[in-house]
Amino acid sequence: MEIGISTFVETTPDVQTGEVISHAQRIREVVEEIILADQVGLDVFGVGEHHREDFAASSPAVVLAGAASQTKRIRLTSAVTVLSSADPVRVFQDFATLDAISNGRAEIMAGRGSFIESFPLFGYDLQDYDELFEEKLELLLKIRESEKVTWKGGHRPAINNLGVYPRPVQNPLPVWIGSGGNTQSVIRAGMLGLPLVLAIIGGSPIQFAPLVKLYKRAAAQAGHDVSKLPVASHSHGFIAEDTETAADKFFPPTQQVMNVLGRERGWGHYSRASFDAARSFEGALYVGDSETVAEKIIHLRKNVGVTRFMLHVPVGSMPHEDVMKAIELLGTEVAPRVREEISRWEAEQ
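Every value quoted in this text rests on a predicted model; they were computed, and no experiment measured them. (Residues numbered from 1 in each chain as written. Predicted model: local features only at pLDDT ≥ 70, side-chain atom pairs only at ≥ 80, totals over all residues. Heavy atoms only, no water.)

(A) Up close: the overall build of the protein chain. If you tally the helices and strands in the protein chain, you get 11 helices and 12 strands. Relative to the globule expectation of 20 Å for 349 residues, the C-alpha radius of gyration of the protein chain, 19 Å, shows essentially globular dimensions. Seen through its C-alpha atoms, the protein chain measures out along the principal axes to roughly 60 × 50 × 40 Å. Out of the 349 residues in the protein chain, the part that is buried amounts to 55%. In the protein chain, of all internal contacts separated by at least 6 residues, the share reaching a separation of at least 24 is 71%. (Helix = DSSP H or I, 4+ residues; strand = E, 2+ residues; numbered from the N terminus. Rg over C-alpha atoms; globule rule 2.2 N^0.38 Å. Buried < 20%, exposed > 50% of the residue type's maximum accessible area, 1.4 Å probe, protein only. Contact = heavy atoms within 4.5 Å.)

Next up, the structure:
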């Protein structure tokens, strides 16, 4: 069972003061967070790609590279790379370079992206949303498979027997599919034999169990070894010394972000009651003390089948020292408890 962190490198206004941290400072803080995550024994750190003012990381590979030479063991991944509006050649080159700097610890998490700012920025039509992703994923996998590439599609100039360099340390370079729970994306990941990451950020995590079964069934029918296909989840959360402190610190910035996005997307108001319901044992928020969060992760592993859990922290802007403390608790208290219990449970199966 792998345990890690994901972040979108938020730069939203401080709930108390209204001040906004600079993109540069927040990026430097995230590099410190990755280094700490490595030091406390976490398995993976993911950085999401966005192209808007309230998120600082438009280039996850560069941010991750900033920490790569200062870390030893932790795996470094995008979370996600918005592949539909990116050039797969450049994506592969960036992450192969990261793989070299980290000596084989880079991963690509490819997704369609729930934010659409990159499409007009890079000159893509949202009407081609699905087609772009399928075509770009096909090219990315072809580049991963072969040093010399011949390929033709509808949205990018053709490539005729050209080499793509550098080649990564890992062969193959890991490519995961990120999904918000779309049935077709889950089936596609299974058919391609690619690891799956589910964004479980609402409702009950147990409701994702049928999707994991569907993914594994599709993989098996396509002839892939299901035992070698990991499934990950990414969920919002925060850890503090006691549960009420964790909830009281995490709610205000979370509410702020959810209500901004809610106005953009037509969601209802995000209230403290909504938040408290989501941090219940069956809810999708992993907020509390170490024991509470560990128990929820164990429950997720046993009932949904995920083999990697990524805690998304912060949601909105939180004090850097609070985020660092949460990472420390996840690595030193939550992860050992989860790994021990899952090892014992698997031995009994």
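From this point, things continue past the structure.
(B) View of the side chain of Ser-102. Looking at the secondary structure, you find Ser-102 in helix H3 (residues 88-102). Within polar-contact distance, the side chain of Ser-102 engages the backbone oxygen of Asp-99 at 3.4 Å. The residues contacting Ser-102, other than those within four sequence positions of it, are Ala-68 and Leu-76. (Polar contact = N/O pair within 3.5 Å; in protein donor to acceptor, adjacent residues only side chain to side chain.)

(C) Quick look at the nonpolar core. Core analysis: the largest hydrophobic core is formed by 101 residues, its most contacted members being Leu-42, Phe-45 and Ile-327. Broken down by element, the residue count for this core peaks at 11 residues, all from helix H11 (residues 320-348). The next biggest cluster of nonpolar side chains, apart from the first, holds eight residues, and it includes Val-44, Ala-79, Ala-232 and Met-310. (Core = buried A, V, L, I, M, F, W, Y, C linked by side-chain atoms within 4.5 Å.)

(D) View of H11. Here H11 is 29 residues long and its end C-alpha atoms lie 41 Å apart, about the 42 Å a rise of 1.5 Å per residue gives. Leu-330 marks where H11 bends most, by close to 40°. (Expected span 1.5 Å × (residues − 1). Bend = angle between axes of the 7 residues up to and from the residue.)

(E) Layout of the pairing of strand S5 (residues 106-111). Summarising burial for S5: six of the six residues are buried, a large majority. By the alternation rule, side chains of S5 split into Ala-106, Ile-108 and Ala-110 and Glu-107, Met-109 and Gly-111, which are all buried. Bridging between strand S3 (residues 75-78) and S5 involves two bridges; their strand directions are parallel. Note that in S5 the partner of Thr-77 across the bridge is Glu-107. Pairing analysis gives two bridges linking strand S4 (residues 81-82) to S5, with the strands arranged parallel. From the neighbouring strand, Val-82 faces S5, where its bridge partner is Gly-111. (Pairing = 2+ DSSP bridges.)

(F) Representation of the packing of helix H6 (residues 183-192) against helix H7 (residues 209-221) in the model. Closest axis-to-axis distance for the H6/H7 pair is 7 Å, and the angle between their directions is 35°. For the crossing formed where H6 meets H7, the hand is right-handed. Contacts from Thr-183, Val-186, Ile-187, Ala-189, Gly-190 and Met-191 of H6 reach H7 at Leu-211, Leu-214, Tyr-215, Ala-218 and Ala-219. Among the residues making up the contact of H6 with H7, the classes are represented as nine nonpolar, two polar and no charged. (Axes fitted to C-alpha atoms, helices over the stretch in contact; angles between N-to-C directions. Left-handed = near helix turned anticlockwise from the far one by under 90°. Nonpolar A, V, L, I, M, F, W, Y, C, P; charged D, E, K, R; others polar.)

(G) Focus on the pattern of salt bridges. A complete count under the given rule lists 24 salt bridges for this structure. Here Arg-52 ties to Asp-54 by a salt bridge, and the two come within 2.7 Å at their closest N and O atoms. The same class applies to Arg-52 as to Asp-54, namely buried. Across the pair Glu-107 and Arg-308 runs a salt bridge whose closest N-O atoms are separated by 2.9 Å. Of this pair, Glu-107 sits in strand S5 while Arg-308 sits in strand S12 (residues 308-312); the two residues are 201 residues apart in sequence, bridging distant segments of the chain. There is no split in this pair, since Glu-107 and Arg-308 are both buried. In this structure, a network of salt bridges that share partners links the residues Glu-244, Asp-248, Arg-272, Asp-276 and Arg-279. (Salt bridge = Lys/Arg side-chain N within 4 Å of Asp/Glu carboxyl O.)

(H) Fine view of the side chain of Arg-105. Assignment of secondary structure puts Arg-105 in the loop between H3 and S5. The charged side chain of Arg-105 is buried without a salt bridge, its nearest counter-charge being Asp-38 at 5.1 Å. From its side chain, Arg-105 meets the backbone oxygen of Ala-68 in a polar contact 2.9 Å long. One polar contact links the side chain of Arg-105 to the main-chain carbonyl oxygen of Ser-102, over a distance of 2.9 Å. Not counting the four nearest positions on each side in its chain, Arg-105 is found in contact with Ala-68, Thr-71, Lys-72, Arg-73, Ile-74, Arg-75, Leu-76, Asp-99 and Gln-170. (Lys, Arg positive; Asp, Glu negative; His and termini not counted.)

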